[in-house]
Amino acid sequence: MLKFLKQVSDYTKEAVQAAKYIGQGLSVTFDHMQRRPVTVQYPYEKLIPSERFRGRIHYEFDKCIACEVCVRVCPINLPVVDWEFNKETKKKELRHYSIDFGVCIFCGNCVEYCPTNCLSMTEEYELAAYDRHELNYDNVALGRLPYKVTNDPMVTPLREFAYLPKGVVEPHGLPSGSQRAGQRPDEIAATLKKSSATPTEEAK
């Protein structure tokens with residue numbers, strides 16, 4: 001009899017646990033039904049990259065001193081710096097510079113450590129090519145500045161969907177400064193600070 005009751009008890013516990021997991025799964029599903037869309041009608045619509053987006057690297061040939069710091073800090077020694085030592089001026093003369101974006105991991109170390117700031121990250125992320133060798137950019141290709149999404153009349157630039165207000169699914173025509181759904185990080189931090197301070201005050 002006790003064995004039977006134990007089996008019933010275990011079965012009930014497992015059924016309750018299963019119902020709990022199903023409820024959790026359904027709550028995630030219903031939560032996503034209220035969320036913002038994640039579809040962009042590319043290439044007619046494009047998202048505006050964030051301020052610190054790590055896109056294709058821009059290179060300024062005139063600023064480069066061929067110090068090869070970018071090569072040393074690169075995790076895969078990717079940049080190719082071809083230089084020649086001028087015995088008269090006793091300085092390096094840069095002849096060629098290239099980066100293969102088919103291998104680059106866009107870590108930004110080369111940009112971070114460049115002593116002359118001849119390297120910088122751009123907003124360009126459309127680097128698709130039919131041939132991988134086309135991704136090997138020389139100093140001429142690296143010197144080309146990308147065309148901004150906001151300046152392209154054929155494209156509708158979209159701000160990040162995360163900044164759409166709650167319940168808004170259409171990103172066009174939103175006023176500037178529209179707040180995204182949910183709390184901002186500073187609001188969450190203030191809430192956590194307040195909740196952590198409350199038990200201490202009660203203890204006093």
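Everything below is about the structure printed above this text.
Our subject in this report is the structure included herewith. Keep in mind it's a predicted model, so treat the numbers as computed, not measured. Each chain has its residues counted from 1, running along the sequence as written. Selection of residues for local features in this predicted model requires a pLDDT of at least 70, selection of side-chain atom pairs for listing and counting requires 80 or more, and totals for whole chains, interfaces and linings are taken over all residues. Neither water nor hydrogens contribute to the side-chain values; these are computed over all heavy atoms in the structure.

1. Topic: the pattern of salt bridges
Piece 1. Here, a salt bridge means any Lys or Arg side-chain nitrogen found within 4 Å of an Asp or Glu carboxyl oxygen. Using the criterion set out here, one finds five salt bridges in the structure.
Piece 2. A salt bridge links Lys-6 to Asp-10; the nearest nitrogen and oxygen atoms lie 3.2 Å apart. Here Lys-6 pairs with Asp-10, and both are found in helix α1 (residues 2–33), just four residues apart, close to one helical turn.
Piece 3. Buried means the residue's accessible area, taken with a 1.4 Å probe over protein chains only, is under 20% of the maximum for its type, while exposed means over 50%, and partly exposed covers the values in between. Residue classification places Lys-6 among the exposed positions, given a relative accessible area of 53%.
Piece 4. We classify Asp-10 as partly exposed; its relative accessible area is 30%.
Piece 5. When the shortest N-O distance is used, the salt bridge between Glu-60 and Lys-63 registers 3.7 Å. Secondary structure elements follow DSSP: runs of H or I no shorter than four residues count as helices, runs of E no shorter than two count as strands, and numbering proceeds from the N terminus.

2. Some thoughts on the side chain of Thr-122
Piece 1. Turning to its location among the elements, Thr-122 is positioned in the loop between β5 (119–121) and β6 (136–138).
Piece 2. Side-chain atoms alone can form a polar contact between residues adjacent in sequence; in general such a contact is a pair of N or O atoms within 3.5 Å, and within protein one must be able to donate a hydrogen while the other accepts it. Only 2.5 Å separates the side chain of Thr-122 from the backbone oxygen of Arg-56, close enough to count as a polar contact.
Piece 3. Side-chain polar atoms of Thr-122 contact the backbone nitrogen of Glu-124, separated by 3.4 Å.
Piece 4. Contacts of Thr-122, omitting those with residues within four sequence positions, involve Phe-53, Arg-54, Gly-55, Arg-56, His-58 and Pro-146. Whether two residues are in contact is decided by their heavy atoms, any of which lying within 4.5 Å being enough.

3. Remarks on the sheet that holds strand β4 (residues 91–100)
Piece 1. Strand pairing is assigned whenever DSSP identifies at least 2 bridges connecting the two strands. With antiparallel pairing, the three strands of this open sheet are ordered in space as β3-β4-β6. Each having just a single partner strand, β3 (80–86) and β6 make up the two edges of the open sheet. When strand polarity is set aside, the average angle formed by the axes of neighbouring strands in this sheet is 20°.
Piece 2. The pairing of β4 with β6 spans three bridges and is antiparallel. Following the sheet pairing, Ser-98 is matched in β6 by Asp-138. Simply put, an axis is a line fit to the C-alpha atoms, just over the touching stretch for a helix, and the angle between two N-to-C directions goes from 0 to 180 degrees.

4. Some words on the packing of aromatic side chains
Piece 1. Stacked, tilted and edge-to-face pairs are distinguished by plane angle, under 30 degrees for stacked and over 60 for edge-to-face with tilted covering the rest, among Phe, Tyr and Trp rings (Trp via its six-membered ring) whose centres lie within 6.5 Å. Applying the stated criterion across every chain, the model contains five aromatic pairs.
Piece 2. Ring geometry for Tyr-59 against Phe-61: centres 6.3 Å apart, planes inclined by 85°, an arrangement best described as edge-to-face.
Piece 3. Note on Tyr-59: relative accessible area 1%, which makes it buried.
Piece 4. Residue classification places Phe-61 among the partly exposed positions, given a relative accessible area of 31%.

5. Notes on unusual backbone geometry
Piece 1. Cis geometry is adopted by the peptide bond preceding Pro-43, which originates at Tyr-42 and carries an omega value of 5°.
Piece 2. Mapping Pro-43 onto the fold places it in the loop between α1 and β1 (45–47).
Piece 3. Positive phi, normally seen in glycine, also occurs at Ala-66, with a value near 55°.
Piece 4. Counting through the fold element by element, Ala-66 comes out in the loop between β2 (57–59) and α2 (69–73).
Piece 5. With relative accessibility at 1%, the residue Ala-66 sits in the buried group.

6. Section: a nonpolar patch on the surface
Piece 1. Together, Met-1, Leu-2, Phe-4, Leu-5 and Val-8 give the surface a local cluster of nonpolar side chains, amounting to about 590 Å² of exposed area.
Piece 2. Looking at the secondary structure, you find Val-8 in helix α1.
Piece 3. We classify Val-8 as partly exposed; its relative accessible area is 38%. Exposure above 30% relative accessible area and the absence of a salt bridge qualify a residue for a patch, where like charges join within 9 Å and nonpolar side chains (Val, Leu, Ile, Met, Phe, Trp, Tyr) within 5 Å. Working definition of accessibility: Shrake-Rupley area with a 1.4 Å probe, residue cover restricted to the visible protein chains.

7. As for a negative patch on the surface
Piece 1. A surface patch of negative charge is lined by Asp-82, Glu-84, Glu-88 and Glu-93.
Piece 2. Looking at the element boundaries, Glu-93 is found in strand β4.
Piece 3. With a relative accessible area of 37%, Glu-93 lands in the partly exposed category. Under this rule, positive means Lys or Arg and negative means Asp or Glu; His and the chain ends count for nothing. Charge placement uses NZ in Lys and CZ in Arg. For Asp and Glu, CG and CD serve respectively.

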